[in-house]
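Summary of structural features
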Amino acid sequence: MAERTPLISGNWKMNHNHLDALALVQKLSYHLGGHNYDKVEVSVHPPFTDLRTVQTAIESDRMKFSLGAQNCYFEESGAFTGEVSPLFLAKLNVKYVIVGHSERREIFGETDDDVNRKVKAVFKAQMTPIMCCGETLEERESGGAQAKVAGQIRAGLAGVPDSQIAAMVIAYEPIWAIGTGRTATPDDAQEMCGAIRAVVAEVAGGDAAAAVRIQYGGSVKAGNAAELMSQPDIDGALVGGASLVADDFAGIITYRS
Ligand code: 13P
């Protein structure tokens, strides 16, 4: 099986101005100072207004973090007031862009088609999408979770070349586990991540399915990260609340030690 480097991503959501963001990334780097976390990749996803500040800190202090964004638009420029072009993010050395987070889908009405266009736009700008999927509590309880997630994956990947699918990241985030302190059991998370990999195999072939990285997200903490990440189809974590506290996020990043 292909070697997949786990990706641990901190989604700061709409938290921290650029000064707080600078302090957080510096504290995180300090907390990780004595640890060896070479076997994982770490990305931080501050709000847009903090990106330049965090980029400068990462590059000048040679921090071992990749810069990420939380969203972008699918057009490159034009009369789209308030939107952010993928090209602008690429210019800030952003490597990963979260696309189709459930908060964007549920609160801002993003559709599967929007998500698909954003995945393509992120690749076009030479960055890597982290495409999110996940079911509501109602969908889980009615037995419709796998159908919902499979539908999101098929729609999000439509027309994306197999080689790009192999290089991307998919984040499985059950909506009922986000910010609730209620984590999916490692077995349930594994079952869904395995099902996602099977859908990727159908859509893009076995090689892409073996290569694509699948994160779990939803109340990941230092105390549950190791067990979640030890599952065969879970290749990292997308972390919300715990990524806002340097000590807690460092505990997740060093889950192997
Ligand atoms: P929490 O870790 O706060 O549950 O958030 C998960 C999430 O939505 C990350 O994108």
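Structural data are supplied above this passage.
Here is a short report on the structure shown in this document. Quantities reported herein were computed from a predicted structural model and do not represent experimental measurements.

Counting buried residues in strand β5 (residues 128-133) gives six out of six residues, a clear majority hidden from the surface. In β5, alternate side chains face the same way, and those of T128, I130 and C132 on one face and P129, M131 and C133 on the other are all buried. In the sheet, strand β4 (residues 94-99) pairs with β5 via four bridges, with the strands oriented parallel. Residue pairing across strands places I98 opposite I130, the latter belonging to β5. In the sheet, β5 pairs with strand β6 (residues 169-172) via four bridges, with the strands oriented parallel. Among the inter-strand pairings, I130 is bridged to a residue of β6, identified as V169.

Moving on to the site of the ligand. Of all residues adjacent to the ligand, which total 13 residues, the nearest are K13, H101, G179, S219 and G241. Measuring from an oxygen atom of the ligand, one finds a side-chain N or O atom of N11 at 3.0 Å. Here G241 contributes a backbone N or O atom positioned 2.8 Å from an oxygen atom of the ligand. When grouped by side-chain class, the residues that make up the shell around the ligand number four nonpolar, seven polar and two charged.

Here the focus is the pattern of salt bridges. Following the criterion strictly, the structure yields 16 salt bridges and no others. D233 is the partner of R197 in a salt bridge, and the nearest nitrogen-oxygen pair spans 2.6 Å. Highlighted residues: R197 in helix α9 (residues 186-204) and D233 in the loop between α11 (222-229) and β8 (236-239), separated in sequence by 36 residues. Across the pair, exposure class does not vary: R197 and D233 are buried alike. Among the ionic contacts, a cluster of salt bridges with common partners joins R4, R197, D233 and D235.

The next subject is the sheet that holds strand β2 (residues 41-45). Sheet architecture is closed into a barrel: eight strands sit in the order β1-β2-β3-β4-β5-β6-β7-β8, paired in parallel fashion. When the angles between neighbouring strand axes are averaged without regard to direction, this sheet yields 25 degrees. Pairing between strand β1 (residues 7-11) and β2: five bridges, direction parallel. Each bridged residue has a counterpart across the sheet, and for N11 the counterpart in β2 is H45.

Turning our attention to helix α2 (residues 51-60). Along α2, the residues classified as buried are L51, V54, Q55, A57 and I58. Down the axis of α2, the smallest arc covering the buried residues is 165 degrees, so these residues share one side. Here the buried face of α2 lies against α1 (18-32), β2, β3 (66-69), α3 (86-91) and β4.

What counts, and at which threshold
Residues numbered from 1 in each chain as written. Predicted model: local features only at pLDDT ≥ 70, side-chain atom pairs only at ≥ 80, totals over all residues. Heavy atoms only, no water. Buried < 20%, exposed > 50% of the residue type's maximum accessible area, 1.4 Å probe, protein only. Helix = DSSP H or I, 4+ residues; strand = E, 2+ residues; numbered from the N terminus. Pairing = 2+ DSSP bridges. Near = heavy atom within 4 Å. Polar contact = N/O pair within 3.5 Å; in protein donor to acceptor, adjacent residues only side chain to side chain. Nonpolar A, V, L, I, M, F, W, Y, C, P; charged D, E, K, R; others polar. Salt bridge = Lys/Arg side-chain N within 4 Å of Asp/Glu carboxyl O. Axes fitted to C-alpha atoms, helices over the stretch in contact; angles between N-to-C directions. Arc of directions from axis to C-beta. Contact = heavy atoms within 4.5 Å.

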